[in-house]
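Overview (structure and organization)
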Amino acid sequence: MPIPLFGIIVAASALLGGKKTLDAIQNNIEAKKINIEAKLLYEEAQGKLSQLRDETSQVLVELGKQKINVLNNEMKTFLDIAEKVKSWKLGFALWKIKRQNKFKESTVKFIEASDGDFANLKSMCVNASDLVTGGIATVGTGSLLAVAAYNGVAALGSASTGTAICTLNGIAASNATLAWLGGGTLASGGGGIVGGVAVLGGIVAAPVLAVGGFILASKAEENLAIAQINLDYARSAADEMERACSVLQQIKSYALECSEIIRGVSYKMRPNLRYLSGHIVNKVKFSNLEPIIQRNVESVFKCASVLNVLLTAPIITSDGSVSPNYRDILDKARKEIGDYYLKPSKK
């Protein structure tokens, strides 16, 4: 008995429908796998950036504290001596030092600094002392970031008494990178992961990452296409966050190296400062000093010249990017002071 045409059509339709349903299920399974891959890729990159952000912020906070303490201690004591040195005007002694090449060029320039330059340095020390007196623990993250990485130390020289923290907070909130490292919005200091990627490496919108349920059949192919778009977005975002991590790593590395040099120079400077503080009480002619005192004077000026540069040179620029010449600054500081000063004695 021949099979009715209607029956054949029904059977064919059932088979076709079943195949579509099976294809839809497979497409949705594949879409879910792709979305999970995209989500894991994005979250891994996000976690790495977030961790490095926290690490960099902490390193900069510690550098900020270190700079404030150096201003309040070594540089403050140096200024007490330097004010007497400035009154000597060094005269023939300075000419002799230059002639013998005992000082590098930057040190000579520091010795020849105008009274205004020394007054600015003194203002930095006074404001740093106020911050220490009030308790560094009470100084906010934004302020310490500004001191560590931007022009916060220089701003201390122009800040009026009692306004240092407000001045530093304003700097931190206006600089994109410092704001992001400090947490919150740009106005208050932050911007989240997306904000950091925007500042440090461009910006890619976060993928949709729709890993939830899917509608079968008619939506299956669309779900698979969306999942592939999610994966493309995740890959792009991960690349951008990796570039942002490279910038953060550079900032962190520079901050650690700056801290190392400051620590070494300060360590070697302290004995000279103690010695000079006990031997130079009043204004005196350089030529009347004993040779050993003259050598100590030369040493503290050399150390102070290096510290002055490292305390004030910004690691990042006004637009939040890494200062292009900071590597050169660190190299010159090492060359100026010598490796000996960077290796504290074990005795």
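Our next topic: helix α12 (residues 326-337). Look at α12: 17 Å from first C-alpha to last across 12 residues, which is about the 16 Å you get at 1.5 Å a residue. Y326, I329, L330, A333, E336 and I337 are the residues of α12 that are buried. Looking down the long axis of α12, one finds its buried residues gathered within 130° of arc, a one-sided arrangement. For α12, exposure combined with an orientation more than 90 degrees from the buried face picks out K332 and K335. Positive phi shows up at G338, right after α12, with a value of about 90°.

Turning next to the nonpolar core. Within the largest apolar cluster, 77 residues are counted, with the highest numbers of intra-cluster contacts made by L60, M75, F78, L310 and I315. Where this core is concerned, the elements lending two or more residues are α1 (5-88), α4 (115-134), α5 (141-149), α8 (176-182), α10 (220-279), α11 (291-312) and α12. Ranked by the residues each element gives to this core, the list is headed by α10, at 20 residues. Excluding its chain neighbours within four sequence positions, the residues that come into contact with M75 are V70, L121, C125, A304, L307, N308 and L311.

We now examine the packing of aromatic side chains. If you walk through the whole model with that rule in mind, you get two aromatic pairs. Seen in terms of ring centroids, F78 and F301 are 5.2 Å apart; in terms of plane orientation they differ by 85°. Their pairing is edge-to-face. One end of the pair, F78, is in helix α1; the other, F301, is in helix α11, and 223 residues separate them in sequence. Taking 5.4 Å as the distance between ring centres and 45° as the angle between the ring planes, the aromatic pair formed by Y254 and Y326 counts as tilted. Of this pair, Y254 sits in helix α10 while Y326 sits in helix α12, and the two are 72 residues apart along the sequence. In this structure, Y254 and Y326 share a single accessibility class: buried.

Turning to α5, a few remarks are in order. With eight of nine residues buried, α5 lies mostly within the body of the structure. For α5, the complete set of buried residues consists of G142, S143, L144, L145, A146, V147, A148 and A149.

With that settled, the discussion passes to the confidence of the model for the protein. For the protein, the average pLDDT comes to 73, and 63% of its residues sit at 70 or higher. When mean pLDDT is compared element by element in the protein, α10 scores highest at 89, while helix α2 (residues 91-99) scores lowest at 44. In the predicted structure, residues 5-18 sits below a pLDDT of 50 and forms one contact with residues beyond four places in sequence or in another chain. The model gives residues 201-218 a pLDDT under 50, and that stretch makes 43 contacts with residues more than four places away or in other chains.

Another aspect to go through is the pattern of salt bridges. If you walk through the whole model with that rule in mind, you get 12 salt bridges. For E43, the salt bridge identified is with K39, shortest N-O distance 2.7 Å. Highlighted residues: E43 and K39, both in helix α1, separated by four residues, approximately one helical turn. Since its relative accessible area comes to 36%, E43 is described here as partly exposed. Linked by salt bridges that have partners in common, E257, E260, R327, D331 and R334 make up one network.

Analysis parameters
- Per-chain numbering applies: the sequence of each chain, read as written, is numbered from 1 onward.
- Given that this is a predicted model, residues contribute local features only at a pLDDT of at least 70 and side-chain atom pairs are listed and counted only at 80 or more, while totals for whole chains, interfaces and linings are drawn from all residues.
- The basis for every side-chain value is the complete set of non-hydrogen atoms in the structure, without hydrogens or water.
- Helix numbering and strand numbering both begin at the N terminus, where a helix is a DSSP run of H or I of at least 4 residues and a strand a DSSP run of E of at least 2.
- The length a helix should cover is 1.5 Å for every residue beyond the first.
- Burial status follows relative accessibility: with a 1.4 Å probe on protein chains alone, a residue under 20% of its type maximum counts as buried, one over 50% as exposed, and anything between as partly exposed.
- Within this analysis, the arc is defined by the directions that extend from the helix axis to the C-beta atoms.
- Throughout this description, the term nonpolar core refers to a set of buried Ala, Val, Leu, Ile, Met, Phe, Trp, Tyr and Cys residues connected via side-chain atoms within 4.5 Å.
- Contacts are assigned to residue pairs with any non-hydrogen atoms lying within 4.5 Å of each other.
- Pairing of aromatic rings covers Phe, Tyr and the six-membered ring of Trp, with a centre-to-centre limit of 6.5 Å; geometry is then stacked below 30 degrees between planes, edge-to-face above 60, and tilted otherwise.
- Scored from 0 to 100, pLDDT reflects the predictor's confidence in each residue.
- The term salt bridge refers to a pairing of a side-chain nitrogen on Lys or Arg with a carboxyl oxygen on Asp or Glu at a separation within 4 Å.

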